[in-house]
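# Fold and geometry: a report
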Amino acid sequence: VLELLRGVQRGSEDRKRSLSRLRRALQNKETQQKFVRLDGSIRTLIGLFTGSLADMQMEAGRCLHELSHSSDPAVAEACLPVTPYLLTYLSGHSVEFTELCLYTLGNLVVESEAVRKQLLPQGIIPVLASCIQSPHEAVLEGLGYVLSQLLQAKEAPAEIIPLVLDSVLPQHMLRLVCSGLKARTGAAVEFAWCLHYIICSHTANAALLSLGALPALTSLLLDLASEIPQNAPEGLELLVCPVLRCLGNLLAEETGCDSQIQDERLLIALFLILQCFLQQHPFITQECLWLLNNLTADEPFFCSALLSLDLLPALLQLLPCSQMTSVLVLTVLCNIAEKGPAYCRQLHQQPALPLLLPALALPDPQVVGQCLELLHLLFLHWPEAAADFVRQGGPQALEQHQSTPELQERARALLDMVRQPPGASTFSLCHDTLSAFS
């Protein structure tokens, strides 16, 4: 390592070859740590990086990029002196050089809080905001990478997101996400995740809503669903996933949002995406169900639409898929049942009960607990369901949970409910049952 550094410092004709060899050597973790401890090592690279020889400048930049990959915070902090130059070079030079600087910055901010704290007063957010006007996809994708790393930092909600919101970045990110459908670009994916991290901070949703994030992302999801043929285009799930999360989290945090997007096509889009990705990318199923849960939680519009569009059978078919999927499906069904007798009648008519009985036999307390919640709502609002449940052998399924501590109270309450003699008064019984489920 020392010999390579000396070859670079001597300025001989072999300097570029020494730099290339050094770059390859710096792919090794131990070499990175040794290099930054050598006197004048970083200073030498910065000298070449800021010099007038373009080929040397690029090769020195590649060496710095290799160092930025280190998971050792000491290596990242040794690179602190180069950060102002990395920012300066974002406004000029070639596309390749700008891209290199962006990814080097992105790698450095991941590992070191010291680097992030230095970059903020150096004006990284305004510089990145100026880059977002670039016509080059490679630059935009690199920019998305830097932003996504910054927005995941632990200090992001207090120190970084307010600066981002005060810039032009949010509206341009939203525009690029929504226009990235046709090309399915990496930049659109990166910026979709950036929006997700901003929404998860819980401090920026009002600002994003004022920019029209909800209708824009809803429209994008409809477009994504319309693109899905029998086999989804390669990589489409990479954009679908953060878009679903953005919508789901916006709806989870902001009351009244679902009334702004009362469009039945959104449900059809969700079920198209569900069916398309169920086998190859099951994580998308859970993202769809999380959004569906938040759509049906308050507003009856989407509960009614789900029933009128005859989507309930497709939802019920997902029950056996996985533990998390079962919980989410049951939660959506609870959302529907909470809306009252008319909704419970339709759930009963769609033969939901035969599918709930196997769920009651599962060893997972979370799935069974959600199943008990749904049965309680059905029996409360539509007593015919309770009678049908008894005929199908439901009480025996409930009895096995009387010894499970977290389930026994609710299981006993339901057993009392279904064992009431026909025509008996249910006022006091309902009161006791409700207390068991509160």
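Everything below is about the structure printed above this text.
All of these numbers come straight from a predicted model, not from anything done at the bench.

Definitions and limits used
Residues numbered from 1 in each chain as written. Predicted model: local features only at pLDDT ≥ 70, side-chain atom pairs only at ≥ 80, totals over all residues. Heavy atoms only, no water. Helix = DSSP H or I, 4+ residues; strand = E, 2+ residues; numbered from the N terminus. Rg over C-alpha atoms; globule rule 2.2 N^0.38 Å. Buried < 20%, exposed > 50% of the residue type's maximum accessible area, 1.4 Å probe, protein only. Contact = heavy atoms within 4.5 Å. Areas by Shrake-Rupley, 256 points an atom, 1.4 Å probe, with all protein chains shown as cover. Lys, Arg positive; Asp, Glu negative; His and termini not counted. Charge placed at Lys NZ, Arg CZ, Asp CG, Glu CD. Expected span 1.5 Å × (residues − 1). Salt bridge = Lys/Arg side-chain N within 4 Å of Asp/Glu carboxyl O. Axes fitted to C-alpha atoms, helices over the stretch in contact; angles between N-to-C directions. Parallel < 35°, antiparallel > 145°, perpendicular 65-115°, else oblique. Left-handed = near helix turned anticlockwise from the far one by under 90°. Nonpolar A, V, L, I, M, F, W, Y, C, P; charged D, E, K, R; others polar. Polar contact = N/O pair within 3.5 Å; in protein donor to acceptor, adjacent residues only side chain to side chain. Disulfide = S-S within 2.5 Å. Arc of directions from axis to C-beta. Phe/Tyr/Trp six-rings, centres within 6.5 Å; stacked < 30°, edge-to-face > 60°. Core = buried A, V, L, I, M, F, W, Y, C linked by side-chain atoms within 4.5 Å.

What follows is about the overall build of the protein chain. When you go through the protein chain residue by residue, the secondary structure sums to 29 helices and zero strands. Compactness check: the protein chain gives a C-alpha radius of gyration of 29 Å against a globular reference of 22 Å for 438 residues, more than 25% above the reference. Buried positions account for 53% of the 438 residues belonging to the protein chain. Pairs at least 24 residues apart make up 72% of the contacts formed inside the protein chain by residues separated by at least 6 positions. Just so you have it, the protein chain exposes about 19000 Å², and 51% of that area is on carbon and sulfur atoms. If you average the places of the 27 positive and of the 43 negative side-chain charges in the protein chain, the two averages end up 11 Å apart.

The next thing to look at is helix 14 (residues 186-200). Between its first and last C-alpha atoms helix 14 spans 21 Å; for 15 residues at 1.5 Å apiece the expected length is 21 Å, and the two agree. Across the 15 residues that make up helix 14, a large majority, 12, are buried. Buried residues of helix 14: Ala187, Ala188, Val189, Glu190, Phe191, Ala192, Trp193, Cys194, Leu195, His196, Ile198 and Ile199, and no others. The secondary structure elements touched by the buried residues of helix 14 are helix 11 (137-151), helix 12 (156-165), helix 13 (169-179), helix 15 (205-210) and helix 17 (236-253). One or two residues past the end of helix 14 sits His202, with phi positive at roughly 65°.

Bringing the pattern of salt bridges into the picture now. Throughout the structure, instances matching the rule amount to 11 salt bridges. With a closest N to O distance of 4.0 Å, Lys16 and Asp55 form a salt bridge. Of this pair, Lys16 sits in helix 2 (residues 15-25) while Asp55 sits in helix 5 (residues 54-68), placing them 39 residues apart in sequence. The exposure class of Asp55 is partly exposed, given its relative accessible area of 38%. One salt bridge in this structure joins Arg23 and Glu59, with 2.6 Å as the shortest N-O distance. You can see Arg23 sitting in helix 2 and its partner Glu59 sitting in helix 5, a full 36 residues away along the chain.

Following both chains from N to C, one finds helix 19 (residues 282-296) and helix 22 (residues 323-337) inclined at 20°, their axes separated by 9 Å at the closest point. In terms of orientation, helix 19 and helix 22 fall into the roughly parallel class. In this structure, helix 19 meets helix 22 at a crossing whose hand is left-handed. Contacts between helix 19 and helix 22 pair Thr285, Gln286, Leu289, Trp290, Leu292, Asn293 and Thr296 from the former with Met324, Thr325, Leu328, Val329, Thr331, Val332 and Asn335 from the latter. Classifying every residue of the contact of helix 19 with helix 22 gives seven nonpolar, seven polar and no charged.

Our focus in this paragraph is the side chain of Gln32. As for its position among the elements, Gln32 is in helix 3 (residues 29-37). Engagement of the side chain of Gln32 in a polar contact is seen with the backbone oxygen of Leu26, the distance being 2.8 Å. Within the structure, the side chain of Gln32 is placed 3.5 Å from the side chain of Ser70, a separation counted as a polar contact. In contact with Gln32, other than residues within four places in its own chain, are Leu26, Gln27, Glu66, Leu67, Ser70 and Val75.

Let us now look at the state of the cysteines. One pass over the full model with this rule turns up zero disulfides. Of the cysteine sulfurs around Cys334, a residue in no disulfide, the closest is that of Cys371, at 8.5 Å. Look at Cys334 and you get buried, because its relative accessible area is 3%.

Now for helix 10 (residues 124-131). Taken together, the buried positions of helix 10 are occupied by Ile124, Ile125, Leu128, Ala129 and Cys131. Projected onto a plane normal to the axis of helix 10, the buried residues spread over an arc of 155° and lie on a single side. Of the surrounding elements, those touching the buried residues of helix 10 are helix 7 (83-88), helix 8 (95-111), helix 9 (113-119), helix 11, helix 12 and helix 13.

For the rest of this paragraph, the subject is the environment of Thr331. With respect to the helices and strands, Thr331 occurs in helix 22. Residue classification places Thr331 among the buried positions, given a relative accessible area of 18%. Every residue in contact with Thr331, bar those within four places of it in the chain, is listed here: Asn293 and Gln370. Of note is the side chain of Thr331, whose polar atom sits 3.4 Å from the side chain of Gln370.

Here we come to the packing of aromatic side chains. For the coordinates displayed, the defined rule picks out seven aromatic pairs. Each ring, one from Phe49 and one from Tyr89, has its centre 5.2 Å from the other, and the planes form 75°; the classification is edge-to-face. In this pair, Phe49 is assigned in helix 4 (residues 41-49) and Tyr89 in the loop between helix 7 and helix 8, connecting sequence segments 40 residues apart. The class for Phe49 is buried, based on a relative accessible area of 1%. Here a set of aromatic residues connected by ring pairs shows up, and it is made of Phe49, Tyr89 and Phe97.

On to the nonpolar core, then. Proteins that are soluble and globular tend to have nonpolar side chains buried together. In terms of nonpolar packing, the biggest core is built from 157 residues, with Leu67, Met173, Phe191, Leu221, Leu315, Leu360 and Phe379 touching the most fellow members. Ignoring sequence-local partners within four residues, the contact set of Phe191 consists of Ile132, Leu140, Leu143, Gly144, Leu147, Met173, Leu176 and Val177.

Here we take up unusual backbone geometry. At Asp310, a residue that is not glycine, the phi angle is positive and equals roughly 60°. Phi angles above zero are rare outside glycine, and Pro351 is one such case at about 35°. Mapped onto the elements of the fold, Pro351 is located in the loop between helix 23 (341-349) and helix 24 (353-360).

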